[in-house]
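# Structural characterization, general
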Amino acid sequence: MHRLCKSKNGKRHSKKCQSLLGNLKQIDAAGWSVYGIACNCSLNTTYSSSDHQPTGNESEVVTNCGHPNTEIVFSGRRQKTFVPLEHKKSEYQLKIEQQTYRQWKAVMELGFRFLKIKFKRKVYIQPLDDFPNFIKDFVFKSSTTNFFQMLKAFMESFFLGMEVQVLPPVDTVRDKWQTRSRFHNITGKKQLLVTDVYKQLRKYTPRDGYCILGIIWTDLYPREDLNFVLGEASQGDCSGVMSFGRFEPKSYQEGISTDIEKVDAALLWKMIKVMSHETCHMFGLAHCLFYECAMNESKSVKEALSQPLFLCPVCLRKLQRVVGFSIQERYKKLLDYLEMLGSEFPSVEFEDSVQWLKSMLEYLDR
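Bear in mind that the values here come from a model prediction, so they are computed numbers and not experimental data.

### A word on unusual backbone geometry
A positive phi is found at D129, a non-glycine position, where the angle reads about 65 degrees. Looking at D129, the relative accessible area reads 24%, which means it is partly exposed. In this structure, K176 is a non-glycine residue whose phi angle is positive, near 60 degrees. Note that K176 resides in the loop between β6 (163–166) and β7 (181–183). For K176, a relative accessible area of 66% gives the class exposed.

### Focus on a nonpolar patch on the surface
A contiguous nonpolar patch, built from F112, L115 and F119 and spanning about 380 Å² of accessible area, is present on the exposed surface. Here L115 lies in helix α5 (residues 113–119).

### Regarding the sheet that holds β7
Whether parallel or antiparallel, the strands of a sheet pair through hydrogen bonds between backbone atoms. Read from one edge to the other, the open sheet built from 3 strands follows the order β7-β8-β10, with strand pairing classed as mixed. The sheet terminates laterally at β7 and β10 (219–221), the two strands that pair on one side only. If you compare each strand with its neighbour and ignore which way they point, the axes differ by 40 degrees on average.

### A few points about the pairing of strand β5 (residues 122–128)
The buried fraction of β5 is high, at 7 of 7 residues. The two faces of β5 match: K122, Y124, Q126 and L128 on one face and V123, I125 and P127 on the other face are all buried. One ladder, built from 4 bridges, connects β5 with β6; its direction is parallel. If you follow K122 over to β6, its bridge partner there is E163. With 7 bridges joining them, β5 and strand β9 (residues 209–216) adopt parallel strand pairing. In the sheet register, Y124 faces β9, and the bridge partner there is I212.

### Brief notes about helix α11 (residues 313–323)
Burial analysis of α11 places 10 of its 11 residues in the buried class, the great majority of the element. Buried within α11 we find P313, V314, C315, L316, R317, K318, L319, Q320, V322 and V323. A positive phi of about 85 degrees marks G324, the residue just after α11.

### Points about the packing of aromatic side chains
Taken as a whole, this structure holds 24 aromatic pairs when the rule is applied. When the centroid spacing of 5.9 Å and the interplanar angle of 55 degrees are considered together, the rings of F131 and F244 count as tilted. Of this pair, F131 sits in the loop between β5 and α6 (133–136) while F244 sits in the loop between β12 (239–243) and α9 (265–282), and the two are 113 residues apart along the sequence. Aromatic side chains F154 and Y337 sit 5.7 Å apart centroid to centroid with 50 degrees between the ring planes, which places their arrangement in the tilted category. Placement of F154 in helix α7 (residues 147–158) and of Y337 in helix α12 (residues 327–344) is noted, with a sequence separation of 183 residues between them.

### Notes on the nonpolar core
Judged by nonpolar contacts, the single largest core of 97 residues is most densely connected at F147, F283 and L311. Considering each element in turn, this core owes the most residues, 10 residues, to α9. Contact partners of F147, with chain neighbours within four places excluded, come to I135, F138, F244, V263, L267, L268 and M271. In terms of nonpolar packing, the next biggest core, distinct from the first, is built from 15 residues, Y124, L220, V229 and V241 among them.

### Details of the sheet that holds β6
An order of β6-β5-β9-β12-β11 is seen for the 5 strands of this open sheet, with the pairing classed as mixed. This sheet does not close on itself; its edge strands, each paired only once, are β6 and β11 (231–234). Here the strands of the sheet are splayed against their neighbours by 15 degrees on average, with no regard to which way each runs. Taken together, the 4 bridges between β11 and β12 define a ladder with antiparallel strand orientation.

### Quick look at helix α8 (residues 194–201)
Summarising burial for α8: 7 of the 8 residues are buried, a large majority. Residues of α8 that are buried: V194, T195, D196, V197, Y198, Q200 and L201. Buried residues along α8 sit against β5, β8 (190–193), β9, β10, β11 and β12.

### Regarding the pattern of salt bridges
Scanning all chains against the criterion turns up 13 salt bridges. The salt bridge partner of D130 is K136, with a shortest N-O separation of 3.1 Å. Overall, the relative accessible area of 43% leaves K136 in the partly exposed class. The residue D237 makes a salt bridge to R202 at a minimum N-O spacing of 2.3 Å. Taken together, the positions of D237 in the loop between β11 and β12 and R202 in the loop between α8 and β9 put the pair 35 residues apart, joining distant regions of the chain. Here R202 falls in the partly exposed class, since its relative accessible area comes to 40%. Overlapping salt bridges, with partners in common, bring together K199, R202 and D237 in one network.

### Side note on the state of the cysteines
Across all of its chains, the model carries 0 disulfides by this definition. Lacking any disulfide linkage, C211 is separated from the closest cysteine sulfur, that of C238, by 6.2 Å. Among the cysteines around C312, which has no disulfide bond, C288 carries the closest sulfur, lying 3.6 Å off. A relative accessible area of 0% means that C312 is categorised as buried.

So, how was this worked out
Residues numbered from 1 in each chain as written. Predicted model: local features only at pLDDT ≥ 70, side-chain atom pairs only at ≥ 80, totals over all residues. Heavy atoms only, no water. Buried < 20%, exposed > 50% of the residue type's maximum accessible area, 1.4 Å probe, protein only. Helix = DSSP H or I, 4+ residues; strand = E, 2+ residues; numbered from the N terminus. Patch = residues over 30% accessible without salt bridge, like charges linked within 9 Å, V, L, I, M, F, W, Y side chains within 5 Å. Areas by Shrake-Rupley, 256 points an atom, 1.4 Å probe, with all protein chains shown as cover. Salt bridge = Lys/Arg side-chain N within 4 Å of Asp/Glu carboxyl O. Pairing = 2+ DSSP bridges. Axes fitted to C-alpha atoms, helices over the stretch in contact; angles between N-to-C directions. Phe/Tyr/Trp six-rings, centres within 6.5 Å; stacked < 30°, edge-to-face > 60°. Core = buried A, V, L, I, M, F, W, Y, C linked by side-chain atoms within 4.5 Å. Contact = heavy atoms within 4.5 Å. Disulfide = S-S within 2.5 Å.

Written out as structure tokens, the structure reads:
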């Protein structure tokens, strides 16, 4: 067993690893280096009986994932690998909301998702309706890659092992989609009800597709009493949709806020963050309550874009199990992609992500 999972209470740590990460017997050294960190989370058992006697209905709650070995030295400086998430949720809330590997696997098996993905190895990107010319005409200077092909390349790196294809645009008006819409009372801008969109979208999934992600220029909202959402996905429908997030009511200022008018680093960061998050939901991953992670929940665009691009050990384990990839190969693919993106669109976010990947690859090569 990896050194991070050893302790005087070896049986207890084995139980943690099983609950959080599943059976790790077939995991390689790189996997142990990453997943072993999470084996040190604090695990509490809650009982259904008042006398704390086992009844078969007890559950496990992870209350703390802090560990001194989450720091590594890279090029003479210290860098965090995975930062434990700080929150003020009660143990009862954690019991209801957090998703261990064991809980994720049960949901996936119930929906026959493992069987489906065995035969359907494609993720489809579906552009919806029209886009401004600066999106349609965009081409990277260093290649002939257009905007949607750029997103495809990212998805092939993030979900390494899945084939990703971009479908021809769908005209939702011509196809008579029944989607509710509104004009927001603060921004005055049109929004579409996100659930209506992804439920229509699932009908467009090709027979060989595991899931489909729609991309639309018009902003979205989740329900009548809520303002705005960047995207949303349904595991049950294996469909999701995301927008460009043009006018968030929370940050909107009349006469000051402007529409998106060009492809820049901020837009690209937003797009890859949202599309990876929503696609992970279609692979069964719930919001993460263990570490600072790509699957953390957010309450605003600012919060969503400040969160990491990468998955924590618990969420990475789920994705690796269902997709199947080498952790090192995936990190190398993501590094190549982000270095390419950052060379043409320099930003702090891309640079920090590149440095994090270099740190992890150095750590895994030891």
